Amino acid sequence: RHTRYGTVTGVQTCALPISAPEINFSAAAAAEAWASGMSWDRLVAMTRAEEGDLVRLLSRTGEALNQIANIASSNPAVGGMARRAADLVLREPIR
């Protein structure tokens, strides 16, 4: 089989990772800017996104971080870091 990486045998095909969706770097940048303390008005203006879309993005990001924080008993460093990140993301008007 020929791919953009060259010719792949059947055995190699089985070892190839499953395709993952592309990372939306603009969404990641918006979440980083928000967690870094950017004001809501500036974030909305910078992204030109609908406010509801930003709320959904940041709410889900905060929820995912809270889930990761729940592993604090098995990995306190990661759990604590996730909890602090969730607190930064889940501030008004997201909270």
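Residues numbered from 1 in each chain as written. Predicted model: local features only at pLDDT ≥ 70, side-chain atom pairs only at ≥ 80, totals over all residues. Heavy atoms only, no water.

## Focus on the overall build of the chain
Tallying secondary structure elements over the chain gives 5 helices and 2 strands in all. N-terminal to C-terminal, the α/β element order of the chain is β-β-α-α-α-α-α. Residue pairs in contact within the chain that sit at least 24 positions apart in sequence constitute 45% of those at least 6 positions apart. Accessible surface for the chain amounts to roughly 7100 Å². Of this, 58% is attributable to carbon and sulfur atoms. (Helix = DSSP H or I, 4+ residues; strand = E, 2+ residues; numbered from the N terminus. Contact = heavy atoms within 4.5 Å. Areas by Shrake-Rupley, 256 points an atom, 1.4 Å probe, with all protein chains shown as cover.)

## Describing the packing of aromatic side chains
In this structure the tally under the stated criterion is 1 aromatic pair. Judged by centre distance (5.3 Å) and plane angle (85 degrees), the ring pair of Trp34 and Trp40 falls under edge-to-face. Given the relative accessible area of 13%, Trp40 is considered buried. Above the plane of the ring of Trp34 lies Arg91, whose end atom (NZ or CZ) is 3.5 Å from the centre. (Phe/Tyr/Trp six-rings, centres within 6.5 Å; stacked < 30°, edge-to-face > 60°. Buried < 20%, exposed > 50% of the residue type's maximum accessible area, 1.4 Å probe, protein only. Lys NZ or Arg CZ within 6 Å of the ring centre and 35° of its normal.)

## Quick word on helix α5 (residues 76-89)
An α-helical segment advances 3.6 residues per turn. Residues three or four places apart therefore align on the same side. Between its first and last C-alpha atoms α5 spans 20 Å; for 14 residues at 1.5 Å apiece the expected length is 20 Å, and the two agree. Regarding α5, the residues found buried are Gly79, Ala82, Ala86 and Val89. The arc that holds the buried residues of α5, viewed along the axis, is 90 degrees, so those residues lie on one side. Exposed positions of α5 whose direction lies more than 90 degrees from the buried face are Pro76, Ala77, Met81 and Arg84. In this fold, the buried residues of α5 make contact with α2 (25-35) and α4 (51-69). (Expected span 1.5 Å × (residues − 1). Arc of directions from axis to C-beta.)

## Concerning the pattern of salt bridges
Evaluated as defined, the whole model comprises 1 salt bridge. A salt bridge links Arg56 to Asp53; the nearest nitrogen and oxygen atoms lie 3.0 Å apart. In this pair, Arg56 and Asp53 are both assigned in helix α4, 3 residues apart and thus about one turn of the helix distant. Judged by relative accessible area, Asp53 falls into the partly exposed class, the value being 36%. (Salt bridge = Lys/Arg side-chain N within 4 Å of Asp/Glu carboxyl O.)

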